[in-house]
Amino acid sequence: MAKASDRTAERTQRLRQAMQNLDAGHFAQARALVEPMCGDGRADVILAHALAGSGRAARAARLLCRLAHDNPTARHPAQDMMTLLLRHSRIAEIEATLHATLMQTPNDIRLYDLLGEFLLLQNRMTDAVEVLVEGCRRHPAALRTGNLLAVTQNELGQARDAQALLRHLLEYHPRSAMTHANLAHILTIDSQMDQALHHHQQALALRPDDPQIHLNHAMTLLKAGRHAQGWPEYEWRLRMPGRQKHPFERLLPTLEQNTDLTGQRIVVLSEAGLGDMLMYLRFVPALIRRGARVTLQLPREILPLGTRIYGVERVVDPLRPLPAHDWHCPFGSLARALGRTSDIIGAPIPYLWADPEKILRWEDYMPPRPGLRVGIVWGGASRPGVAQAQAIDRKRSMHISQLAPLTTIGGIHLVNLQRGQHAQQMADMPEGMQLYDPMDDVRDMDDTAAIIMNLDIVVSVDTSVVHLAGALGRPTIMMDRYDNCWRWQSGRHDSQWYPQLRIVRQSRPGDWEGVVAQVRDLLAAAARHS
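Because the structure is predicted, anything quoted here is derived from the model rather than measured. (Residues numbered from 1 in each chain as written. Predicted model: local features only at pLDDT ≥ 70, side-chain atom pairs only at ≥ 80, totals over all residues. Heavy atoms only, no water.)

1. Focus: the overall build of the protein
Helices and strands together make up the secondary structure of the protein, namely 23 helices and ten strands. When burial is assessed residue by residue, the protein has 52% of its 530 residues classed as buried. Relative to all contacts within the protein whose residues are 6 or more apart in sequence, the contacts with residues 24 or more apart total 64%. Each charge class in the protein was averaged separately, 60 positive and 56 negative side chains, and the resulting centres sit 4 Å apart. (Helix = DSSP H or I, 4+ residues; strand = E, 2+ residues; numbered from the N terminus. Buried < 20%, exposed > 50% of the residue type's maximum accessible area, 1.4 Å probe, protein only. Contact = heavy atoms within 4.5 Å. Lys, Arg positive; Asp, Glu negative; His and termini not counted. Charge placed at Lys NZ, Arg CZ, Asp CG, Glu CD.)

2. Topic: the sheet that holds strand 2 (residues 293–297)
Pairing is parallel in the open sheet, where four strands are placed in the order 3-2-1-4. Each edge of the sheet is formed by a strand with only one pairing partner; in this case those strands are strand 3 (314–316) and strand 4 (327–330). Recorded for the sheet is a direction-independent mean angle of 20° between the axes of neighbouring strands. One ladder, built from four bridges, connects strand 1 (residues 265–269) with strand 4; its direction is parallel. Bridging from a neighbouring strand, Val-268 pairs with Cys-329 of strand 4. (Pairing = 2+ DSSP bridges. Axes fitted to C-alpha atoms, helices over the stretch in contact; angles between N-to-C directions.)

3. Quick look at the pattern of salt bridges
Where side chains of opposite charge bring their charged atoms close, a pairing between them can arise. Scanning the entire structure with this criterion turns up 35 salt bridges. The partner of Asp-108 in a salt bridge is Arg-110, with the nearest N and O atoms 2.9 Å apart. We note that Asp-108, like Arg-110, is buried. A salt bridge links Glu-134 to Arg-137; the shortest N-O distance between them is 2.7 Å. (Salt bridge = Lys/Arg side-chain N within 4 Å of Asp/Glu carboxyl O.)

4. Comments concerning the sheet that holds strand 6 (residues 412–416)
Strand order in the open sheet formed by six strands is 7-6-5-8-9-10, with parallel pairing between adjacent strands. The open sheet terminates on both sides in strands that have one partner only, identified here as strand 7 (435–436) and strand 10 (501–505). Strand direction decides the pairing type here: strand 8 (residues 457–461) and strand 9 (residues 476–480), joined by four bridges, are parallel. Bridging across to strand 9, Val-458 finds its partner in Thr-476.

5. Section: the pairing of strand 8
With five of five residues buried, strand 8 lies mostly within the body of the structure. Residues Ile-457, Val-459 and Val-461 of strand 8 are buried on one face, and the alternating residues Val-458 and Ser-460, pointing to the opposite face, are buried as well. Taken together, the four bridges between strand 5 (residues 372–377) and strand 8 define a ladder with parallel strand orientation. Bridge pairing links Gly-375 to Val-458 in strand 8.

This is how it looks when you write it as structure tokens:
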């Protein structure tokens, strides 16, 4: 007869094997290992996940409901199920299990939150609203459900409904930092800056050490043009998990107007997207004028552009070890470091230059004169796996077919500057659209810069090409989304960063038709005067 200790060891081994199978996505094998152990708490959790992954939604739901009933104040066990199955792209199985679980326990508010979050991840916002509205109907004061619904309503362009809902929640939960922060974010989008800043302050009073709330507060300040407060607050991004990989005591301090940096070795660290770094390169000459020996850490895509900034000692790839230095400074911290000096806006335009030889070489790829050469970009670079970045990319990008009105303008030549997945849309261009397309031979943004120098105007959505064209001093029209980035401030159609930039912004979320109509008129006028 087997000893109890032997049976325990065998049980532990089966559970371990079942978990390994779950992690590998072998749901049938995991189910086979734990089904004989039904009734054991840990085995039931594994079995519920394995059943869900195997498409046995009804059985999985029964187990999940029982486990949830035993722990009514904990997070719902379906959340771990969803996390696991998302890793294995079992989208249909997740949805079926969540619906089955909700049908069995329709008053469990945790499930409305989970199903709403899942639908949002799938960009099914209308479906998410339907689920979350039902959750709020059953639980009018449900904090997380209400916040999710408000955020989703805002994404759908229902900003006023979202604001009203969040104010309603604050009547029940006046000390909810999350609700104050979400309301501040939505008010910022709606350009109600004073109210937005008030709710940021309320959120920070409740959670003074929350870096995400501080970062959102910084972006509202910067969007309102309050740089003296905004740039120091923006430093809270470095406290976000995984952001600061270098010692804080070596971070470049805030400089005064007469600070002498002679001989000081400063490494400017690669950070954020290409557009961000192209914008922040404007601050590098101020360090050099103060005597600093500057090393730039730049991605290969824009590395050659950094080498042509006068006085830069070296430019290195982020994959290579850093050289010896006295101070480091992430690109996004340069404005804070110079915030007490006269260099708060950085170097005059242009502060980047294309390679003269490449400019001449790319001239051969350009459409013939006469005619206005117009470079176009209709989609931003997406970042797979970063949900917030993907959501922004969807809002800032359009389909090439929406640029069809530009084909009716006489006297212009359209030149493609689009790269990445959005470039595939050229296989389905609007009737009558002709694009000169040099991009197959483009290796990096140094090539793109040389092409831009051969153009008369660049027309682009909010992506790195706007910053590149702006830094080169080229006339640029930016087609901007309704909930625009803080860099372009609130209510402005020009830019403090790029004097040659004209901003054409959506009057309501998703309205590219009105934007393209305005761009068409601007290009037609430019063509008449060229």
